[in-house]
Amino acid sequence: MKKLFYLSALSGLILLAASCNKGELVGPQKPIDTSKNPGPKPPACESVKQITYVLKNSTGNSTYEISFRGSQNYIFSFPPYGDKTVYVNPGTYSIYVFTPNFDDYQNESFQMNNLAPVIGSGAHYDGVILTSCTVPQSVSITL
């Protein structure tokens, strides 16, 4: 029985020695070159995530609406005062801010994101691209 054990151990050492090249050290491998593989990439923009859009109104007029026209169409009402959050799918839109009540037409200041304000009874923005990578979007109406 002892001879069988010694033969097994001896054959294991012979196999280990035969698998190494002369002068090769057995130990840790070289560090991985991270310049060829810098790691995980940041997540790509999600094409299905809904976009948050904040509607702000300080006029007291509760008849203002916003229309998103594109691959999908949406219409939302502004609150008379304060903020309201709505959600739209990513895409390219024409955005209209208006009041359907002809008696309420007044010149107001409309501002979308950081664009120059539009003074009038409504506002229209063409070619607005909304993705999950864009900053939070907003439209404000002030007196």
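Residues numbered from 1 in each chain as written. Predicted model: local features only at pLDDT ≥ 70, side-chain atom pairs only at ≥ 80, totals over all residues. Heavy atoms only, no water.

Novice: An account of the sheet that holds strand β7 (residues 118-120) is needed here, citing residue identities and associated values.
Specialist: Strand order across the open sheet formed by five strands is β4-β1-β9-β6-β7, with mixed pairing between neighbours. The open sheet has two edge strands with one neighbour each: β4 (82-88) and β7. Each adjacent strand pair in this sheet contributes to an overall mean axis angle of 20°, direction not counted. Looking at chain direction, strand β6 (residues 108-112) and β7 are connected through three bridges and run antiparallel. Bridging from a neighbouring strand, E108 pairs with G120 of β7. (Pairing = 2+ DSSP bridges. Helix = DSSP H or I, 4+ residues; strand = E, 2+ residues; numbered from the N terminus. Axes fitted to C-alpha atoms, helices over the stretch in contact; angles between N-to-C directions.)

Novice: Could you give an account of the environment of Y125, with specific residues and numbers?
Specialist: As for its position among the elements, Y125 is in strand β8 (residues 123-130). The sequence separation of Y125 and L115 amounts to ten residues, and the corresponding C-alpha distance is 9.9 Å. Sequence-distant contacts of Y125, that is, excluding residues within four places in its chain, are made with Y93, S94, I95, F110, Q111, M112, L115 and V118. (Contact = heavy atoms within 4.5 Å.)

Novice: So what's going on with the packing of aromatic side chains? Residues and values would help.
Specialist: Scanning all chains against the criterion turns up seven aromatic pairs. Centroid distance Y53 to F68: 5.0 Å. Interplanar angle 80°. Geometry classified as edge-to-face. Note that Y53 is positioned in strand β1 (residues 51-57) and F68 in strand β2 (residues 65-69), a separation of 15 residues in sequence. Accessibility assignment for this pair places Y53 and F68 in one class, buried. (Phe/Tyr/Trp six-rings, centres within 6.5 Å; stacked < 30°, edge-to-face > 60°. Buried < 20%, exposed > 50% of the residue type's maximum accessible area, 1.4 Å probe, protein only.)

Novice: Tell me about the nonpolar core, residues and numbers included.
Specialist: Y53, I66, F68 and I95 are the most contacted members of the largest nonpolar core, which totals 22 residues. Where this core is concerned, the elements lending two or more residues are β1, β2, β3 (74-77), β4, β5 (91-98), β6, β8 and β9 (137-142). If one sorts the elements of this core by residue count, β8 sits on top with four residues. Once residues within four sequence positions are removed from consideration, I66 is found in contact with Y53, L55, Y74, I75, F76, F78, I95, Y96, V97 and V139. (Core = buried A, V, L, I, M, F, W, Y, C linked by side-chain atoms within 4.5 Å.)

Novice: Any chance you could break down the pairing of β1 for me, citing the residues and the numbers?
Specialist: The buried fraction of β1 is high, at five of seven residues. Two elements, β1 and β4, share seven bridges in a ladder whose sense is antiparallel. Directly across from L55, in β4, lies its bridge partner K84. Bridge count between β1 and β9: five bridges; the pairing is parallel. The partner of Y53 across the bridge, within β9, is Q137.

Novice: Go over the pairing of β9, please, and point to the residues and values.
Specialist: In this sheet, β9 lies alongside β6 in antiparallel orientation, the contact comprising four bridges. Looking across to β9, one finds that Q111 is bridged to S140.

Novice: Outline the sheet that holds β3, supporting the account with residue identities and numerical values.
Specialist: In space, the four strands of this open sheet follow the order β3-β2-β5-β8, with antiparallel pairing throughout. Edge strands, defined here as strands with exactly one partner in the open sheet, are β3 and β8. This sheet shows a mean twist of 20° between the axes of neighbouring strands, independent of strand direction. Inspection of the sheet shows β2 paired to β5 by five bridges, in the antiparallel sense. Across the sheet, the residue bridging to S67 is Y96, located in β5.

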